[in-house]
2 protein chains.
Amino acid sequence: MSTFNVELKKVVDDSYDIEIGFELMNTLIQDLKNGLVGKIRKFAVITDSIVKDLYADKIHSLLLAEGYQADLFVFEAGEKQKTRKTKEEIEDAMLAKGYRRDCCIIAVGGGVVTDLAGFVAGTYGRGVPFINYATTLLAAADASVGGKTAVDTPLATNLIGLFNQPQKVYLDIATWKTLPKRQVISGMAETIKHACLANREFFDYLDANMDKLLEVDKEACEHIAEENCKVKYEVVMKDERESGLREVLNLGHTVGRAIETVSDYELLHGEAVSIGIVAEVKLAYKLGYMNANERDAVIALLQKARLPVAIPEYIDREELVRKLYTDKKVRDGKLRFVIQKGIGDVVEFEPGVFATPIEESVAREIIMDM
Amino acid sequence: MSTFNVELKKVVDDSYDIEIGFELMNTLIQDLKNGLVGKIRKFAVITDSIVKDLYADKIHSLLLAEGYQADLFVFEAGEKQKTRKTKEEIEDAMLAKGYRRDCCIIAVGGGVVTDLAGFVAGTYGRGVPFINYATTLLAAADASVGGKTAVDTPLATNLIGLFNQPQKVYLDIATWKTLPKRQVISGMAETIKHACLANREFFDYLDANMDKLLEVDKEACEHIAEENCKVKYEVVMKDERESGLREVLNLGHTVGRAIETVSDYELLHGEAVSIGIVAEVKLAYKLGYMNANERDAVIALLQKARLPVAIPEYIDREELVRKLYTDKKVRDGKLRFVIQKGIGDVVEFEPGVFATPIEESVAREIIMDM
């Protein structure tokens, strides 16, 4: 018997830039000409059926005009298409068009597109570079930092995928103008969550500028896009593989995700998270980590953003309590919550531990009261 | 417009050990008890329908006896099962059994099993650790170093996958005894290839010990398993993402892969590679990089291993020449070959360039003459 050691230690640099601005398509083309992805001249533009007409067609045309080889790969819009089957169809279409390892993928769209296209890029030819051109506030708040890519399966959400960092991310604020108002409002929930858990000053900024934000004012939106990146970066950098600190991003999501499911996705993700945040500030107040003013300030800001702050009538409260147990933070059959501390901070229960067990009876009382 | 820099530079240590020996199942269990994969206590054993009865059942039982949670995930044996569909079926079965991120995959089998299971591990829960328990000479020679995992698609071989390093590899020589003789012989082709391209001493060892090797003599087989690891490690380490140096592993494969396909997989991979090596030493001789003695010594060693050294009658030579153009080394429509230099070396045409353009007429002449 003998042992052979395969020594594979190396420095990996996955650093990248997030460009935040208004109408960034020409910036993207200029970056490619300046060597953003080296000598690559073949681009697979992946998008959904809605974003295609709005933005992806334009990017495709600009690439062709520049003399690059480029093709559009379009799938039907919607979270339900974020599947292995869609991934397979895109792969087969790319193979049929002769794409090999010397290509780059450009994802144009919201979180579903960037999640799916980033996953395709991670396994195509054992990995090709990709670029995210994000066209929603939610993608800006959620998908631009962290490197998470995935698809859903019948039995699990986001459980098949990989960590894969893009070459560059573009957050084009101009695209937010074409979003339905309900989507803009829904996207605001993750932004408010970031302020609640990490930055009091940012919270005050949102409070002072919410009307401008909902009208997609250029400067105000650029500012919140930057702040969102900062908060996620601080949290993700310190905990890249999602254990302790990264759980703080789950604020509002314990109740939020459960409501989203019980509503059978009638509620948008951000709307459900908003209600979840309300439940969780009430919990924090009850546990003595927030005072009444702080609790009410959070609820008032959500209302100012026109987000829902009460559990809709049609939601079965008992089913909601049961659904809490499907949360990924559940450990040894016990519910666990991230608890906000004042405004702009969360409770660290032990070094590196940011979620704490909560009795079902305590959670139930809050839910029954909403 | 503003730019946010996501700084993600870090040291990654993917080092691992390859254990080479006779009957290593208890060593595997002991390693797990000693913390090879930390606190993980859930093991998904992935194998094929042939290896299941021979070895995987045993490993499964040993895991259960040790108090671990373990399940077998079995797919039908054969290269044709190395698909996205099989991957999906394994994932769904694992999800249904409640496997989440806190599990480890153990691949038990030959190259098809380790390729597929390593890919499953790479995307399950965005990556779980995996261990390879290799049961064929080919897996020992080919799949233990390099981190390549992949599946085939109708349009491409090995083009969907990722680079993923195992926690540990076990090369159990005892398992080679249960291989059909034809498989042992076929596996020897990659071993001879390694000797040809990198190590004259190893070539002489093979020449002196071929009979012992074909009878799966313990010491001799352990020695060649080690030497195979060394050669692949030297080549792979210097060129992890497969560009220049890694192409040398392609020796014999330009003609070999083409024959394998034209034979409609009647020839095993190693048999086809053997014929490919013969074609390519004849080419090297013609180009003046080998003398007649060296050329004949290579052919004689392949014969000693009972590998085929001539193109079978039923192969259409014209089709074979056309098929050469599907080789991945083809560039700008020109055939490119790795050329052996004497015995134990290859020609470096320019710094870092190990494949050279060859006129079709030259390749054709050699093929027509075999």
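Residues numbered from 1 in each chain as written. Chains lettered and ligands numbered in written order. Predicted model: local features only at pLDDT ≥ 70, side-chain atom pairs only at ≥ 80, totals over all residues. Heavy atoms only, no water.

**Notes on the overall build of chain A**
Worth spelling out the cut-off: For helices the rule is a DSSP run of H or I covering at least 4 residues; for strands it is a run of E covering at least 2, with both sets numbered from the N terminus onward. Think of it in three bands: with a 1.4 Å probe and only protein chains considered, a residue is buried below 20% of the maximum accessible area for its type, exposed above 50%, and partly exposed in between. The contact criterion used throughout is that any non-hydrogen atoms of two residues lie within 4.5 Å. Note that accessible areas follow from Shrake-Rupley with a 1.4 Å probe, and for residues the cover is restricted to the protein chains shown. Charge assignment: positive for Lys and Arg, negative for Asp and Glu; neither His nor the chain ends contribute. All charge positions are set by atom: Lys at NZ, Arg at CZ, Asp at CG, Glu at CD.
On a plain count of helices and strands, chain A comes out with 13 helices and 12 strands. Projected onto its principal axes, the C-alpha coordinates of chain A cover approximately 70 × 60 × 35 Å. Split into buried and exposed, the 370 residues of chain A put 58% on the buried side. Intrachain contacts of chain A at a sequence separation of at least 6 include 76% that bridge at least 24 residues. Roughly 14,800 Å² of accessible area belongs to chain A as shown, and the carbon and sulfur atoms make up 47% of that amount. Taken as two groups, the 47 positive and 59 negative side-chain charges of chain A have centres that lie 3 Å from each other.

**Quick word on the domain arrangement of chain A**
All names here are of chain A. Under the convention used in this document: Where a domain begins and ends is set by an automatic assignment or by a domain database. Note on definitions: buried area is the accessible-area loss of two parts on being combined, 1.4 Å probe, summed for both. In what follows, salt bridge is the name for a side-chain nitrogen of Lys or Arg lying within 4 Å of a carboxyl oxygen of Asp or Glu. Residues adjacent in sequence count toward polar contacts only when both atoms are side-chain atoms; beyond that, a polar contact is any pair of N or O atoms within 3.5 Å, and within protein one must be able to donate a hydrogen and the other to accept it.
When its domains are assigned, chain A resolves into domain 1 (17-177) and domain 2 (182-368). Between domain 1 and domain 2, the C-alpha centre-to-centre distance is 28 Å. Every contact between the two is made by 19 residues of domain 1 and, on the other side, 24 residues of domain 2. Interface of domain 1 and domain 2: buried area, both sides summed, is about 1,900 Å²; carbon and sulfur atoms make up 68% of it. Put simply, domain 1 and domain 2 have 0 salt bridges between them. Here domain 1 is connected to domain 2 by 2 residue pairs in polar contact (both at pLDDT 80 or more). Every element with two or more residues in the side of domain 1 that touches domain 2 is listed here: β3 (16-21) and α5 (137-143). Looking at which element gives the most residues to the side of domain 1 that touches domain 2, the answer is α5, with 5 residues.

**Remarks on the environment of L307 of chain B**
Secondary-structure assignment places L307 of chain B in the loop between α11 (292-304) and α12 (317-323). Sequence separation between L307 of chain B and A272 of chain B is 35 residues; the distance between their C-alpha atoms is 9.1 Å.

**Some thoughts on the sheet that holds strand β1 (residues 2-6) of chain B**
The line we're drawing: Any two strands with at least two DSSP-identified bridges between them are counted as paired. Note on geometry: axes are lines fitted to C-alpha atoms, helical ones only across the stretch in contact, with angles between N-to-C directions running from 0 to 180 degrees.
Strand order in this open sheet of 7 strands is β5(A)-β4(A)-β6(A)-β7(A)-β10(A)-β3(A)-β1(B), and the pairing throughout is mixed. The sheet terminates laterally at β5 (69-75) of chain A together with β1 of chain B, the two strands that pair on one side only. Along the sheet, successive strands turn relative to each other by an average axial angle of 20 degrees, direction set aside. Of the strand pairs in this sheet, strand β4 (residues 42-48) of chain A and strand β6 (residues 104-109) of chain A are connected by 5 bridges, and their pairing is parallel. The partner of F43 of chain A across the bridge, within β6 of chain A, is C104 of chain A.

**Section: empty space enclosed by the protein**
What counts, and what does not: Only protein atoms enter the calculation, which uses a 1 Å grid: trapped sets of points that fit a 1.4 Å probe without letting it out are cavities, open sets showing protein on both sides within 12 Å along at least five of seven lines are pockets, and any residue with an atom within 4 Å of a point is a lining residue. Grid points are joined across faces, edges and corners, and a volume is the space filled by probe spheres set on the points.
For the structure on display, the rule yields 4 cavities of 30 Å³ or more. By volume, the largest cavity amounts to about 120 Å³. In terms of lining residues, the largest cavity is bounded by R84, K87, E88, E91 and F119 of chain A together with R84, K87, E88, E91, F119 and I160 of chain B. Counting residues per element, the ones that place at least two in the lining of the largest cavity are α3 (84-96) of chain A together with α3 (84-96) of chain B.

**Considering the side chain of S274 of chain B**
All names here are of chain B. Within the secondary structure, S274 sits in helix α10 (residues 269-286). For S274, a relative accessible area of 0% gives the class buried. Not counting residues up to four positions away in its chain, the partners in contact with S274 are A189, L302, L307, P308 and V309.

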